[in-house]
Every structure is written in C-alpha cells, then in structure tokens.
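So you can see what is in the structure, the chains are spelled out below.
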Amino acid sequence: KAGVTQTPRYLIKTRGQQVTLSCSPISGHRSVSWYQQTPGQGLQFLFEYFSETQRNKGNFPGRFSGRQFSNSRSEMNVSTLELGDSALYLCASGWTGSETQYFGPGTRLLVL
Amino acid sequence: GEDVEQSLFLSVREGDSSVINCTYTDSSSTYLYWYKQEPGAGLQLLTYIFSNMDMKQDQRLTVLLNKKDKHLSLRIADTQTGDSAIYFCAEQGTASKLTFGTGTRLQVTL
C-alpha cells in the first residue's frame, strides 16, 4: 500500500510570492492534517480536513489556507511569503483523524 | 492547554537499552505516540498507546504510560546505530490534532 505522498519535495521562493503544496493520503484515508516544522518552534499543527471540510485549525495567520478534494487529496497555500515561513511542511493522513496518523516525507520550503 | 516536554539529548552505547521520557499535560489525551525522524526525512510512526493501557510491547520497543503522573516512556532494547535519530512524543487530544514534544536526539555510539 502506498504511503502518504507530498509534492514537491523542495521549493525555493522569494518573499511576497505564494506557494501551493500538495498531499495525497494513503488510499482510503479521509482525514488529512498539515504541520509546520521549524528549528525554533518545532512541530506545529496548521489545520485538518475531513470529507472536504476544515475540521480543526491551529494558530496561524490567514495567509495559510488549505482545501481538500473529493478524492481526499489536499493542498495548502501560503500567500505573501515571509522569511519565517521557511520550514518543513508535513502532511499526515488517517481514516477518520481520531486514530493513528501517518506522515509523508514533507515539502521543504525555503523563502529568500 | 496542551504541552509536551522531552529531554533534548540522549547518548547510549550500541547494544545498551535506551529510555526516552516524555511528560504531557492534557488529561483527556486519547492516544499517545512515538515518532522517529531521521535527517532530511518525515516522521515515521514507531508505536502508540491508547490512554487506557499502561504498557505496550512491540519487538524491541516498550512503551510505558503512567497516566496519574502524565508520563510516557519509550524503551529501545539492544540499541543499534540505525536507531540514531530524533524521537518525538505526541499526544492526541481533541479530534485529530497532535501536540508534539521538542524531540529527543538519540546518539548511539560504538
């Protein structure tokens, strides 16, 4: 069974640009969560989607948004990039979200 | 609010047992997890324990949960150099949100 896949794996952007990251969950999983990992703040929860609806949201500004499609694939978007958005963005999937979650390899974003 | 704490660093010799500790604050946690992260990689789910259990064993891994003290530990038996990585403890409270600790860097020496 294929694991969680994330594309692209690496991205370099400049301040002010926007970026879209993609996550394909494990087949059959309907919950997708996103996390940001930085050396200073560690792993922080961004949001969770289930059946195309945002069910839970972390403490991030409105520049961070996401969506989920009918096939459970999810995208997250960051607009007006700032240097501090440089991070590893991880996506996790689960059957319903209230049980074990499996992570993808992450997308490493560098903002210059 | 939820908070999870771990020590930052642990060094052990190959063949010894490693014990990584974690404390959490959310008494309503349903699942508690251990994830492993190798350099440049994502998070690998190692094991988890449901909050009504006090111990779980899975091959070389043993998880102990003391719910009264909100203390979780991961014991790795016969630690190998391939076990060198960062280990994250995480608690799952409301819905699917995971709250992670800062991670413990395990260094295995020969």
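Here we summarise the structure given alongside this text. Note that the structure is a prediction, hence the values are computed from the model and not measured.

1. Structural notes on the environment of aspartate 26 of chain B
Residues and elements named next belong to chain B.
So, point 1. Here aspartate 26 shows up in the loop between β3 (18-24) and β4 (31-37).
So, point 2. As for aspartate 26 and glutamate 91, which are separated by 65 residues in sequence, their C-alpha atoms are 7.9 Å apart.
So, point 3. Those residues within four positions of aspartate 26 in sequence are excluded, and the remaining contacts are Glu2, Lys70, Glu91 and Gly93.
So, point 4. One polar contact links aspartate 26 to serine 28, side chain to side chain, over a distance of 2.6 Å.

2. Some points on the pairing of strand β5 (residues 43-50) of chain B
All names here are of chain B.
So, point 1. In this sheet, β5 lies alongside β4 in antiparallel orientation, the contact comprising seven bridges. Looking at the pairing, tyrosine 31 lines up with phenylalanine 50 of β5.
So, point 2. Count of turn residues in the β4/β5 antiparallel hairpin: five residues, of which glycine 40 carries a positive phi of about 75 degrees.

3. Side note on the pattern of salt bridges
All names here are of chain A.
So, point 1. Counted under the stated rule, the structure contains seven salt bridges over all chains.
So, point 2. Across the pair glutamate 48 and arginine 55 runs a salt bridge whose closest N-O atoms are separated by 2.6 Å.
So, point 3. Assessed through its relative accessible area of 0%, glutamate 48 is described here as buried.
So, point 4. Across the salt bridge formed by glutamate 75 and arginine 67, the nearest N and O atoms sit 3.3 Å from each other.

4. A word on the sheet that holds strand β7 (residues 61-66) of chain B
Residue and element names in this part refer to chain B.
So, point 1. Overall, antiparallel pairing links the five strands, which are arranged β1-β3-β8-β7-β6 in an open sheet. Edge positions in the sheet fall to β1 (4-6) and β6 (55-58), since each has one partner strand and no second. Between one strand axis and the next, the sheet turns by 15 degrees as a mean value, whatever way the strands run.

5. Focus: the packing of aromatic side chains
So, point 1. Taken as a whole and assessed by the stated rule, the structure comprises 14 aromatic pairs over all chains.
So, point 2. Relative to tyrosine 48 of chain B, the ring of tyrosine 33 of chain B has its centre 6.2 Å away and its plane inclined at 45 degrees; by these criteria the two rings are tilted. Placement of the pair is tyrosine 33 of chain B in strand β4 and tyrosine 48 of chain B in strand β5, with a sequence separation of 15 residues.
So, point 3. Owing to a relative accessible area of 0%, tyrosine 33 of chain B belongs among the buried residues under this scheme.
So, point 4. Taking relative accessible area as the criterion, tyrosine 48 of chain B reaches 29% and is therefore assigned partly exposed.
So, point 5. Ring pairing ties together the aromatic residues Tyr35, Phe45 and Phe103 of chain A together with Tyr31, Tyr33, Tyr35, Tyr48, Phe50, Phe88 and Phe100 of chain B, which thus form one cluster.
So, point 6. The ring of phenylalanine 50 of chain A carries arginine 55 of chain A above its face, with NZ or CZ at 4.4 Å from the centroid.

6. Points about the interface of chain B and chain A
Often, the extent of an interface is quoted as the loss of accessible area upon association of its parts.
So, point 1. Across the boundary between the two partners, chain B contributes 18 residues, which contact 21 residues of chain A.
So, point 2. Of the roughly 1500 Å² buried at the junction of chain B and chain A (both faces included), carbon and sulfur atoms supply 57%.
So, point 3. On inspection of chain B and its partner chain A, the count reaches zero salt bridges.
So, point 4. Here chain B is connected to chain A by three residue pairs in polar contact (both at pLDDT 80 or more).
So, point 5. Mapped onto the side of chain B that touches chain A, the elements with two or more residues apiece are β4, β5, β9 (85-92) and β10 (98-100) of chain B.
So, point 6. Take the side of chain B that touches chain A: its biggest share by element is four residues, from β4 of chain B.
So, point 7. Taken together, the residues that form the side of chain B that touches chain A break down as 11 nonpolar, six polar and one charged.

Definitions and cut-offs
Here the residue numbers are simple positions, counted from 1 along each chain's written sequence. Here chains are named by letter from A upward and ligands by number from 1 upward, in the order in which they appear as written. Note on the predicted model: pLDDT of at least 70 is required for a residue's local features to be given, and 80 or more for side-chain atom pairs to be given and counted; whole-chain, interface and lining totals, by contrast, use all residues. With hydrogens and water excluded, all non-hydrogen atoms of the structure serve as input to the side-chain values. Secondary structure counts use DSSP, requiring at least four H or I residues in a row for a helix and at least two E residues in a row for a strand, with both numbered from the N terminus. Contacts between residues were defined by any pair of non-hydrogen atoms, one from each residue, lying within 4.5 Å. Pairs of N or O atoms are called polar contacts if they sit within 3.5 Å, as long as, within protein, a hydrogen donor faces a hydrogen acceptor (for residues adjacent in sequence, only side-chain-to-side-chain pairs). Should DSSP find at least two bridges between two strands, the strands are regarded as paired. Salt bridge, as used here: a side-chain nitrogen of Lys or Arg that lies within 4 Å of a carboxyl oxygen of Asp or Glu. Each residue is placed in one exposure class: buried if its accessible area under a 1.4 Å probe, protein chains only, is under 20% of its type's maximum, exposed if it is over 50%, and partly exposed if it falls in between. Lines are fitted to the C-alpha atoms to define the axes, a helix being fitted only along its stretch in contact, and any angle between axes, read from their N-to-C directions, falls within 0 to 180 degrees. The aromatic pairing rule takes the rings of Phe, Tyr and Trp, using the six-membered ring of Trp, and pairs them if the centres are within 6.5 Å, calling planes under 30 degrees apart stacked, those over 60 edge-to-face and the rest tilted. To sit over a ring, a charge needs its Lys NZ or Arg CZ within 6 Å of the ring centre and within 35 degrees of the ring normal. By buried area we mean how much accessible surface two parts lose on assembly, using a 1.4 Å probe and totalling the loss over both. Residue classes follow a fixed rule: Ala, Val, Leu, Ile, Met, Phe, Trp, Tyr, Cys and Pro count as nonpolar, while Asp, Glu, Lys and Arg count as charged, and any other residue, Gly among them, counts as polar.

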